[in-house]
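Now for the letters of each chain:
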Amino acid sequence: RYEPTWGSLDARPLPAWFDEAKFGVFIHWGVFSVPSFGSEWFWWYWQKEKRESYVKFMDTNYPPGFSYEDFGPLFTAEFFDANQWADILKASGAKYVVLTSKHHEGFTLWGSKYSWNWNAVDVGPKRDLVAELAASVRNRTDLHFGLYHSLFEWFNPLFLEDATNAFKTRKFPTSKSLPELYEIVTKYQPEIIWSDGDGNAPDTYWNSTGFLAWLYNDSPVRDTVVTNDRWGAGSICAHGGFYTCSDRYNPGHLLPHKWENCMTIDRRSWGYRRDAPLRDYLAIEDLVKQLAETVSCGGNLLMNMGPTHDGRIAVVFEERLRQVGAWLRVNGEAIYGTKPWRAQNDTGTPGVWYTFSPKEGKVNVIFLNWPVSGILELGEPRAKLGETQVKLAGYKELLKWVALGEKGMVIALPQLTPQQLPCQWGWTLQLTDVN
């Protein structure tokens, strides 16, 4: 049994499925999806920081005295079809999904008995959105279902009172945050608890170790659940399950501890923005590059999209997710279930990333640029004459190559028209029997 101490909890082995999964989809959805302006931090920027663009947006478009709470009934989700979402998630090639069950605004997407009249069953959709998505994901896909949960809430009076008392009192975690965590685990049995937002309070204030000990020892998901590292001030990148370290974390080198790169397709926001121009959305080339870099360095990629207040996945997000899925159908063997190789990227040729498939003993070479010469030079693999074989994923015939001894090898790529290429936006070579 695990003790409620970081020493004991950090020694828990991470369930194997998480490292093998490599790729998940993050969904930021909530009342912030109604103004859908600027950022999911809309309430904070408008009311607390009083940023000019947010104040002006409200003055121009809403009557005087309109409060953030007035957005609640406008969060309608009338087009939300959990089956359709599940089908898009499946098509993306993702192996897990993480939904924001509650962001820093405190609005819960399930009918929490600890969030009276500020939840999706009492206000707005009048539906349990968490239950609907969980059911569809489990019935229609093989994805692991996870939930994001914000520990703190910007404007909750109990949290503000505790903060004024320098967190010597614990009214908020005992009456709101912790009961919600036990509630979502017991009710929905998520296999990921993605914690966030410590409000600058220590993990002792949140009783994070007490909750995690219960999660790992006695909860219905004790054998399969994974958690992140955001459990109180000072715990990020130091304690918990996998490390996130920061948003959009992509170190570019191998890390000793399992980590995740959570990032956004809309480079400026996690929530949906009605005013986002096309240039703010990452292109599929960018996403494939992030995936290759992240996985080769031992990480998982958690790619975020923000649905609309009425429950739609905007077409640009759907297209990006389906494009990643199309790429993974050809190149998935270089991603899923792989381990980092002795080299993460090539020393000589930029845009080349390596992974290793332990079962097959294959080195996977993901190259993001097709060389004009048709010759790919690799400085890292040491080929063995008469033994090494080189295959292009999605192409039938073996490729010709020349060994350069300590300097690596050169590979002759097939001469293909754009229509004949096995995929776009990056390709995989599979090398067997290399040193």
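Residues numbered from 1 in each chain as written. Predicted model: local features only at pLDDT ≥ 70, side-chain atom pairs only at ≥ 80, totals over all residues. Heavy atoms only, no water.

The chain goes by alpha-L-fucosidase in an unreviewed UniProt entry, where it is assigned to Leiothrix lutea. In its Function (unreviewed entry) section, UniProt records this for the chain: "Alpha-L-fucosidase is responsible for hydrolyzing the alpha-1,6-linked fucose joined to the reducing-end N-acetylglucosamine of the carbohydrate moieties of glycoproteins." The UniProt entry for the chain carries the following comment under Subunit (unreviewed entry): "Homotetramer." (UniProt positions renumbered as here; feature names shortened; annotations may be inferred.)

*Asks:* How do you make sense of the state of the cysteines when you look at a structure like this?
*Replies:* A covalent bond between the sulfur atoms of two cysteines is what we call a disulfide. Under the counting rule described, the total for this entry stands at one disulfide. In this model C237 forms its disulfide with C245; the gap between the sulfur atoms is 2.0 Å. Disulfide C237-C245: torsion about the S-S bond near 65 degrees, hence right-handed. A relative accessible area of 36% places C237 in the partly exposed class. Of all cysteine sulfurs, the one in C245 lies closest to C297, which takes part in no disulfide; the gap is 13 Å. (Disulfide = S-S within 2.5 Å. Buried < 20%, exposed > 50% of the residue type's maximum accessible area, 1.4 Å probe, protein only.)

*Asks:* Would you explain the UniProt feature "site: May be important for catalysis" (unreviewed entry) in the chain in this entry?
*Replies:* According to UniProt, the positions carrying the feature "site: May be important for catalysis" (unreviewed entry) are C262. Assessed through its relative accessible area of 0%, C262 is described here as buried. Non-local contacts of C262, meaning those with residues more than four positions away in its chain, are made with F26, W194, R230, S246, D247, R248, Y249, W270 and L302. (Contact = heavy atoms within 4.5 Å.)

*Asks:* Can you help me understand the sheet that holds strand β8 (residues 352–357) in this one?
*Replies:* Hydrogen bonds between backbone groups are what pair the strands of a sheet, and the pairing can be parallel or antiparallel. The four strands are arranged β8-β9-β14-β11 in an open sheet whose pairing can be described as antiparallel. The strands lining the two open edges of the sheet, one partner per strand, are β8 and β11 (389–392). Neighbour to neighbour, the strand axes of the sheet diverge by 25 degrees on average, direction disregarded. Here strand β9 (residues 362–367) pairs with strand β14 (residues 427–432) via six bridges, running antiparallel. The residue of β14 that forms the bridge with K362 is T432. Of the strands in this sheet, β8 and β9 touch helix α11 (residues 284–296), which is tilted by about 50 degrees from β8. (Pairing = 2+ DSSP bridges. Helix = DSSP H or I, 4+ residues; strand = E, 2+ residues; numbered from the N terminus. Axes fitted to C-alpha atoms, helices over the stretch in contact; angles between N-to-C directions.)

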